[in-house]
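As a plain string of letters, each chain reads:
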Amino acid sequence: MAKSGGERVEIRSASKIYGSVRALDDVSLDIAAQEFVSLLGPSGSGKTTLLGILGGFVQPSAGTILFGGRDVTFTPPHKRDIGIVFQNYALFPHMSVGENVAFPLRARRLPKSTYAERVRAALAMVDLAGYEERGIGQLSGGQRQRVALARAMIFEPRLILMDEPLSALDKQLRETMQIELRQLHKRLGATIIYVTHDQREALTMSDRVAILKDGKLVQIDKPSRLHDHPADAFVASFIGEATLLPVERAGGDTVSLAGTPIRTARPLPPSGDLVLAIQTEKLLIEDGAGAPERNRFSARVTDIVFQGESLRVFLALDDGTPLSLRQPSHFEATSRIPPVGERVAISLHPQDTIIVPKAAR
Ligand code: ADP
Ligand code: MG
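What counts and what doesn't
- Residues numbered from 1 in each chain as written.
- Chains lettered and ligands numbered in written order.
- Predicted model: local features only at pLDDT ≥ 70, side-chain atom pairs only at ≥ 80, totals over all residues.
- Heavy atoms only, no water.
- UniProt positions renumbered as here; feature names shortened; annotations may be inferred.
- Pairing = 2+ DSSP bridges.
- Helix = DSSP H or I, 4+ residues; strand = E, 2+ residues; numbered from the N terminus.
- Axes fitted to C-alpha atoms, helices over the stretch in contact; angles between N-to-C directions.
- Contact = heavy atoms within 4.5 Å.
- Buried < 20%, exposed > 50% of the residue type's maximum accessible area, 1.4 Å probe, protein only.
- Polar contact = N/O pair within 3.5 Å; in protein donor to acceptor, adjacent residues only side chain to side chain.
- Near = heavy atom within 4 Å.
- Areas by Shrake-Rupley, 256 points an atom, 1.4 Å probe, with all protein chains shown as cover.
- Nonpolar A, V, L, I, M, F, W, Y, C, P; charged D, E, K, R; others polar.
- 1 Å grid on protein atoms, 1.4 Å probe; cavity = no way out; pocket = protein on both sides within 12 Å on 5 of 7 lines; lining within 4 Å.
- Points joined across faces, edges and corners; volume = space filled by probe spheres on them.
- Domains from an automatic or database assignment.
- Parallel < 35°, antiparallel > 145°, perpendicular 65-115°, else oblique.
- Left-handed = near helix turned anticlockwise from the far one by under 90°.
- Salt bridge = Lys/Arg side-chain N within 4 Å of Asp/Glu carboxyl O.
- Expected span 1.5 Å × (residues − 1).
- Arc of directions from axis to C-beta.

- Under an unreviewed UniProt entry, the name given to the protein chain is Spermidine/putrescine import ATP-binding protein PotA, and the source organism is Bosea massiliensis.
- Its UniProt record gives the protein chain a comment under Catalytic activity (unreviewed entry), which states: "ATP + H2O + polyamine-[polyamine-binding protein]Side 1 = ADP + phosphate + polyamineSide 2 + [polyamine-binding protein]Side 1."
- Listed in UniProt under the heading Function (unreviewed entry), the comment for the protein chain reads: "Part of the ABC transporter complex PotABCD involved in spermidine/putrescine import. Responsible for energy coupling to the transport system."

## Concerning the sheet that holds strand 10 (residues 216-221)
Then, number 1: Strand order in the open sheet made by the 6 strands is 6-7-8-3-9-10, with mixed pairing throughout. The open sheet terminates on both sides in strands that have one partner only, identified here as strand 6 (82-86) and strand 10. Pairwise comparison of adjacent strand axes, ignoring direction, gives a mean angle of 15 degrees for this sheet.
Then, number 2: Packing of helix 1 (residues 47-55) onto the sheet brings it into contact with strand 3 (36-40), strand 6, strand 7 (159-163), strand 8 (191-196) and strand 9 (208-213), and relative to strand 7 it is tilted by some 150 degrees.

## Notes on helix 1
Every α-helical turn comprises 3.6 residues, leaving residues that sit three or four positions apart pointing alike.
Then, number 1: Burial within helix 1 is extensive, with 8 of its 9 residues counted as buried.
Then, number 2: Of all the positions in helix 1, only K47, T49, L50, L51, G52, I53, L54 and G55 are classed as buried.

## Observations concerning the side chain of S96
Then, number 1: Tracing the backbone shows S96 in the loop between strand 6 and helix 2 (97-107).
Then, number 2: A polar atom in the side chain of S96 sits 3.4 Å from the backbone oxygen of E132.

## Considering the site of ligand 1
Then, number 1: Near ligand 1 you find Y18, V21, A23, P42, S43, G44, S45, G46, K47, T48 and T49, and these make up its full shell.
Then, number 2: In the model, an oxygen atom of ligand 1 is placed 3.1 Å from a nitrogen or oxygen of the S45 main chain.
Then, number 3: Between ligand 1 and the protein, one listed contact pairs an oxygen atom with a side-chain N or O atom of K47 at 2.8 Å.
Then, number 4: Considered on its own, ligand 1 offers 560 Å² of accessible surface; in the complex 59% of this is hidden by protein.
Then, number 5: In terms of residue count, the dominant contributor to the shell around ligand 1 is helix 1 (3 residues).
Then, number 6: When the residues that make up the shell around ligand 1 are grouped by side-chain class, the tally is 4 nonpolar, 6 polar and 1 charged.

## Description of the layout of surface pockets
One simple way to see leftover space: roll a probe sized like a water molecule over the atoms.
Then, number 1: Computed from the structure, the largest pocket encloses a volume of approximately 440 Å³.
Then, number 2: Residue lining of the largest pocket: 20 residues in total, with I82, I84, P104, R108 and F155 positioned closest to the centre.
Then, number 3: For the lining of the largest pocket, the elements supplying multiple residues, two or more each, are strand 6, helix 2 and helix 4 (141-153).
Then, number 4: At 5 residues, strand 6 tops the list of elements feeding residues into the lining of the largest pocket.
Then, number 5: Taken as a whole, the second largest pocket encloses approximately 340 Å³ of empty space.
Then, number 6: In terms of lining, the second largest pocket is formed by 14 residues, of which the most central are Q199, R200, E241, T280 and R326.
Then, number 7: At 4 residues, helix 6 (residues 199-205) tops the list of elements feeding residues into the lining of the second largest pocket.
Then, number 8: If you count residues domain by domain, the lining of the second largest pocket takes at least three from each of domain 1 (9-227) and domain 2 (240-357).

## Quick word on the packing of helix 4 against helix 5 (residues 171-188)
Then, number 1: At a closest axis distance of 12 Å, the pairing of helix 4 and helix 5 adopts a crossing angle of 15 degrees. Looking at the two axes, helix 4 sits roughly parallel to helix 5. Note that helix 4 runs across helix 5; the crossing there is right-handed. Residues G142, Q145, R146, L149 and M153 of helix 4 lie in contact with helix 5, whose contacting residues are L173, M177, E180, L181, L184 and L188.
Then, number 2: Counted by class, the contact of helix 4 with helix 5 contains 7 nonpolar, 2 polar and 2 charged residues.

## A look at the packing of helix 2 against helix 3 (residues 115-125)
Then, number 1: Close contact between helix 2 and helix 3 brings their axes to 10 Å; oriented N to C, the two are set at 115 degrees. The two elements helix 2 and helix 3 meet at a crossing, and its hand is right-handed. Contact residues: helix 2 offers V97, G98, V101, A102, L105 and R106, while helix 3 offers Y115, R118, V119, A122 and L123.
Then, number 2: Its residues placed into classes, the contact of helix 2 with helix 3 shows 8 nonpolar, 1 polar and 2 charged.

## Looking at the pattern of salt bridges
Then, number 1: Per the stated rule, a full pass over the model turns up 19 salt bridges.
Then, number 2: The shortest N-O distance in the salt bridge between D25 and K216 comes to 3.2 Å. Of this pair, D25 sits in strand 2 (residues 21-31) while K216 sits in strand 10, and the two are 191 residues apart along the sequence.
Then, number 3: What makes K216 partly exposed here is its relative accessible area of 32%.
Then, number 4: Between K282 and E281 there is a salt bridge, with the nearest N and O atoms lying 3.1 Å from each other.
Then, number 5: Judged by relative accessible area, K282 falls into the buried class, the value being 14%.
Then, number 6: Here E281 falls in the partly exposed class, since its relative accessible area comes to 38%.
Then, number 7: By sharing partners, the salt bridges in this structure join E7, R70 and R158 into a single network.

## Some remarks on helix 5
Then, number 1: Compared with an ideal rise of 1.5 Å per residue, which puts 18 residues at 26 Å, helix 5 spans 25 Å between its outermost C-alpha atoms and is within 8% of the ideal.
Then, number 2: Looking only at helix 5, the buried set comprises M177, Q178, L181, L184, H185 and L188. Taken end-on, helix 5 shows its buried residues confined to a sector of 135 degrees, consistent with a single buried face.
Then, number 3: Tucked inside the fold, the buried residues of helix 5 contact strand 3, helix 3, helix 4, strand 7, strand 8 and helix 6.
Then, number 4: Of the residues trailing helix 5, G189 is marked for its positive phi of about 70 degrees.

Listed below in structure tokens is the structure:
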């Protein structure tokens, strides 16, 4: 299949109001041609509404949508040339795999003689070469989702919209498909806008992730940037595995965590209430080798949970404040973990000391 080039998408001050509910509240977002952007947020944050506005199924209450600089705000869905993949596949159960995949070509009244070759290429793209004659009922969940993908790609759309397409699959298949989708995106060169409530999924696949909360865009950034520079406590709680602890300003680059001074190497938010976001992997059990500038404190081990590749260690500070850290499950790391009930020295590098405003706005 040829590279489609990818559509540039501009969302300008889009809002959607249902009665008294602001499903989407003044969202502006520019998505570059060939970019993979995820819309990430909890249930009810407006992800599907925004995707519906892009697809043309939902009329915005206000705002403008541009594709490649063209205003498509009032363009009906079938004239937008978008490939769409939903969670529930939405395949036609009475049609074969090949008929399902060819459906968008039929709907567009393209010449029949072109179907076979295009279906073959689309199925090969999703690793289902030779499946044309199979019935949908004979396929596994993962294969059905691949058919849905092939159907979305067959007319080489410049923009593909996906709404939680992997959420019905089991964990292992989901993770395999995430990597496949990522590689497929690179090969296709289409712009992809992908809705998910799974932060790991968003981080794995996306060039940038847009975080939505209560219909508002809170932050859009590269995955690593979101993780290390969350805009506020909500983003910090949603990305990674952070413990959020309220802290007081203690002058200069220092804050106080229940009386313990904690230094950060990052600029402090200029005003408002502050929260320290400790990602589990940034907190180390001291082995005497850590850099002298690390923030050090002492805690008691309250629980140790084995999770395969790593262990999660739950801790309590002297005043009872709970937090946790992760240790890789190799011998040297695990042998540093004292038994439950005992004290442990832990530390956090000032470069990893993330202090965010309680709320961005
Ligand atoms: P998400 O996809 O992030 O879970 P949605 O975009 O589906 O969120 O919904 C955002 C908000 O808008 C929710 O409060 C939801 O109940 C409301 N909503 C969505 N669609 C409709 C609708 N057709 N009628 C009324 N309220 C709706
Ligand atoms: Mg949704």
